[in-house]
Amino acid sequence: MAINPADFDYISKIVREQCAIVLEKGKEYLVESRVMPLVHQEKLESIETLVRKIKSDPRGSLKDAVIEAMTTNETSFFRDIHPFETLKKVIIPELLEKRKLKKELNIWCGASSSGQEPYTLVMLLKNEFPQLNTWKLNFSASDISNQMLNRCKSGIYSQLEINRGLPAPLMVKYFERIGTEWQVKEELRKMIQFRIINLSERWPMMPQLDLVMMRNVLIYFDVEMKKDILGRIRKLLRPDGYLFLGAAETTLNLDENFERMPFKQSGCYRLKQG
Amino acid sequence: MFEAGHGLEALEKLKETGPLDIALVDWNMPEMNGYDFVCEVRKDDQYKDMKLMMVTTETEMAQVIKALEAGANEYIMKPFTKDMIVEKLTILGLDVG
């Protein structure tokens, strides 16, 4: 069922107002695919009916539900693999060496969606760097969506999600079967502090960070907001810390204080040295 | 790419082809099931670098552990999509483009 231009404009407008995410013309398919499940769930006839209901009750929960649907992103465990190889082989060993006296690491996953990325990272840390057991690990994972954050906290994934990118040896080690679903073991869940952060608004206080994962989220913002977010990350990042962006994202022409690291398809950046 | 209807046939094929990059193996097959096929392949040192991935409707944790302990490198549960297979092959270090 195609979305009409006026309804597309309206949904674009509320998404932009609420979370500064830009839905340009040509993204109609995206809106349809994200919003139609909500139309069915609410037993409505069409997106047109949905928009009419939101307009008649702008403070109602339907508007929030649309925002939620539009800000929920596709993800998988070990998505794109290369960033995690780089973390395992280069970045984490380097940070462990540099922080060996203080034995503290501060990490933030800034667009956690349904949690696969933060859980991938804690699995990697726990599995590959057992010495971290004696360290203080401050690991925050945030998302704009309350619904997604609850999913993150539960750590429960369907079989289809489990099939996506998760190495079987890690599944056996760090998941439990719950009926037809799979749940991340508590030892991993309790390593992460989950919180709501709207990247386009004020961020809560955070410690100086060694590692920021901000993958596949900047693409949704306009240039000014990208600059603003990168600027705020720059202030939070330790001078020798690292930032990971998605494969289709860059700091180029947005923030010249970052330099891209020469690791294969990793989207790894650090602050220019010296 | 080579196909076989069951484990015994697959072992015969392997004798002809020599070690391959990877075998995708169903658990439930006639004559010789996928688990026994994995065990047999892992007994022969010439196949030590060959990757083995179980592709199966068997979704119990105990089955996954059993397959991994027998020498399977990966495990994917049905139903799955082409993308999921590509992701698993990537995990195994196979460049599928």
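Only a predicted model underlies this, so the values are computations on that prediction, with no experimental measurement involved.

Engineer: I keep staring at the packing of helix α2 (residues 28-41) of chain A against helix α4 (residues 61-71) of chain A and nothing clicks. Help me out?
Structural biologist: Each pair of packed helices can be described by the angle between their axes along with the distance between the axes. Residue and element names in this part refer to chain A. Axis separation between α2 and α4 bottoms out at 9 Å; the angle between their running directions is 130 degrees. Overall, the two elements α2 and α4 adopt an arrangement that is oblique. In the packing of α2 onto α4, the handedness of the crossing is right-handed. On the side of α2, the interface is formed by Leu30, Val31, Arg34, Val35 and Leu38, while α4 contributes Leu62, Ala65, Val66, Ala69 and Met70. For the contact of α2 with α4, a count of residues per class yields 9 nonpolar, no polar and 1 charged.

Engineer: I'm lost on the sheet that holds strand β5 (residues 181-184) of chain A in this one. Help?
Structural biologist: Adjacent strands of a sheet pair through backbone hydrogen bonds, lying either parallel or antiparallel. Residue and element names in this part refer to chain A. Read across the open sheet, the 3 strands follow the order β3-β5-β4; overall the sheet is antiparallel. Unpaired on one side and paired on the other, β3 (156-157) and β4 (175-178) mark the two borders of the sheet. Of the strand pairs in this sheet, β4 and β5 are connected by 4 bridges, and their pairing is antiparallel. Along β5, the bridge assignment pairs arginine 177 with tryptophan 182.

Engineer: Would you take a moment to explain the pattern of salt bridges for this structure?
Structural biologist: Pairs can form between side chains of opposite charge once their charged atoms are near each other. Here the structure, examined in full by the defined rule, presents 24 salt bridges over all chains. Residue Arg164(A) pairs with Glu87(B) through a salt bridge whose shortest N-O separation is 2.5 Å. A residue pair is termed interchain when its members come from two chains, as with Arg164(A) in the loop between α8 (159-162) and α9 (168-174) and Glu87(B) in helix α4 (residues 82-91). Assigned by exposure class, Arg164(A) and Glu87(B) land together as buried. Each member of the salt-bridge network shares a partner with another, and the members are Arg99(A), Asp210(A), Arg238(A) and Asp240(A).

Engineer: When you look at the packing of aromatic side chains in this model, what are you seeing that I'm missing?
Structural biologist: Each aromatic ring pair is described using two quantities: the centre-to-centre distance and the angle formed by the ring planes. In the structure shown here, the tally under the stated rule is 7 aromatic pairs over all chains. Between Phe77(A) and Phe175(A), the ring centres sit 5.8 Å apart and the planes meet at 90 degrees, which makes this aromatic pair edge-to-face. Remark: Phe175(A) occurs in strand β4 and Phe77(A) occurs in the loop between α4 and α5 (82-98); sequence separation between them is 98 residues. Here the two residues Phe77(A) and Phe175(A) agree in accessibility, since each one is buried. Taken together, the ring pairs connect Phe77(A), Tyr119(A), Tyr157(A), Phe175(A) and Phe194(A) into an aromatic cluster. Sitting above the plane of the Tyr10(A) ring, Lys55(A) keeps its charged end 4.9 Å from the centroid. Sitting over the ring of Tyr35(B), Lys66(B) keeps its end group 4.5 Å from the ring centre.

Engineer: Would you mind showing me how to read the sheet that holds strand β2 (residues 51-56) of chain B here?
Structural biologist: Residue and element names in this part refer to chain B. Read from one edge to the other, the open sheet built from 3 strands follows the order β1-β2-β3, with strand pairing classed as parallel. Edge positions in the sheet fall to β1 (22-25) and β3 (74-77), since each has one partner strand and no second. Averaged over neighbouring strand pairs, the angle between their axes works out to 20 degrees when direction is ignored. Pairing analysis gives 4 bridges linking β1 to β2, with the strands arranged parallel.

Engineer: How do you make sense of the packing of α5(A) against helix α6 (residues 116-128) of chain A when you look at a structure like this?
Structural biologist: Residue and element names in this part refer to chain A. At a minimum axis separation of 11 Å, α5 and α6 run at an interaxial angle of 45 degrees. Between α5 and α6, the angle falls in the class oblique. In the packing of α5 onto α6, the handedness of the crossing is right-handed. For the pair α5 and α6, the contacting residues are Phe84, Leu87, Lys88 and Ile92 in the first and Glu117, Thr120, Leu121, Leu124, Leu125 and Glu128 in the second. Each residue belonging to the contact of α5 with α6 can be placed in one class, and the counts come to 6 nonpolar, 1 polar and 3 charged.

Engineer: So what exactly am I meant to see when it comes to the domain arrangement of chain A here?
Structural biologist: In many reports, interface size means the accessible area that the parts give up when they come together. Residues and elements named next belong to chain A. By domain assignment, chain A separates into domain 1 (5-70) and domain 2 (82-271). One C-alpha centre belongs to domain 1, the other to domain 2, and the line joining them spans 29 Å. When the two sides are added together, the surface that domain 1 and domain 2 hide from each other amounts to roughly 760 Å², 52% of it contributed by carbon and sulfur. Joining domain 1 to domain 2, the criterion identifies 1 salt bridge.

Engineer: What should I look at first to understand the nonpolar core in this one?
Structural biologist: Note that soluble globular proteins tend to have their nonpolar side chains buried in a common cluster. Phe77(A), Leu87(A), Ile162(A), Phe175(A), Leu211(A) and Phe37(B) are the most contacted members of the largest nonpolar core, which totals 68 residues. Sequence-distant contacts of Leu211(A), defined by excluding residues within four places in its chain, comprise Leu87(A), Ile92(A), Asn106(A), Ile107(A), Trp108(A), Leu121(A), Tyr242(A) and Phe244(A). With 50 residues, the next largest nonpolar core counts Phe8(A), Val51(A), Leu230(A) and Leu254(A) among its residues.

Engineer: Hey, could you run me through the interface of chain A and chain B in this one?
Structural biologist: In this complex, chain A contributes 18 residues to the contact, which on the side of chain B involves 19 residues. Together, the buried faces of chain A and chain B total about 1,500 Å²; carbon and sulfur atoms form 65% of this surface. On the chain A side of the contact with chain B, Asn163(A), Val172(A) and Arg177(A) bury the most area, a combined 34% of that side's loss. Summed over the shared surface of chain A and chain B, the number is 2 salt bridges. On the surface where chain A and chain B come into contact, there are 9 residue pairs in polar contact (both at pLDDT 80 or more). Elements with a contribution of two residues or more to the side of chain A that touches chain B: α8, α9 and β4 of chain A. The biggest single contributor to the side of chain A that touches chain B is α9(A), with 4 residues. The residue inventory of the side of chain A that touches chain B, partitioned by class, reads 11 nonpolar, 4 polar and 3 charged.

What counts as what
- Residues numbered from 1 in each chain as written.
- Chains lettered and ligands numbered in written order.
- Predicted model: local features only at pLDDT ≥ 70, side-chain atom pairs only at ≥ 80, totals over all residues.
- Heavy atoms only, no water.
- Axes fitted to C-alpha atoms, helices over the stretch in contact; angles between N-to-C directions.
- Helix = DSSP H or I, 4+ residues; strand = E, 2+ residues; numbered from the N terminus.
- Parallel < 35°, antiparallel > 145°, perpendicular 65-115°, else oblique.
- Left-handed = near helix turned anticlockwise from the far one by under 90°.
- Contact = heavy atoms within 4.5 Å.
- Nonpolar A, V, L, I, M, F, W, Y, C, P; charged D, E, K, R; others polar.
- Pairing = 2+ DSSP bridges.
- Salt bridge = Lys/Arg side-chain N within 4 Å of Asp/Glu carboxyl O.
- Buried < 20%, exposed > 50% of the residue type's maximum accessible area, 1.4 Å probe, protein only.
- Phe/Tyr/Trp six-rings, centres within 6.5 Å; stacked < 30°, edge-to-face > 60°.
- Lys NZ or Arg CZ within 6 Å of the ring centre and 35° of its normal.
- Domains from an automatic or database assignment.
- Buried area = accessible area lost by both parts, 1.4 Å probe.
- Core = buried A, V, L, I, M, F, W, Y, C linked by side-chain atoms within 4.5 Å.
- Polar contact = N/O pair within 3.5 Å; in protein donor to acceptor, adjacent residues only side chain to side chain.

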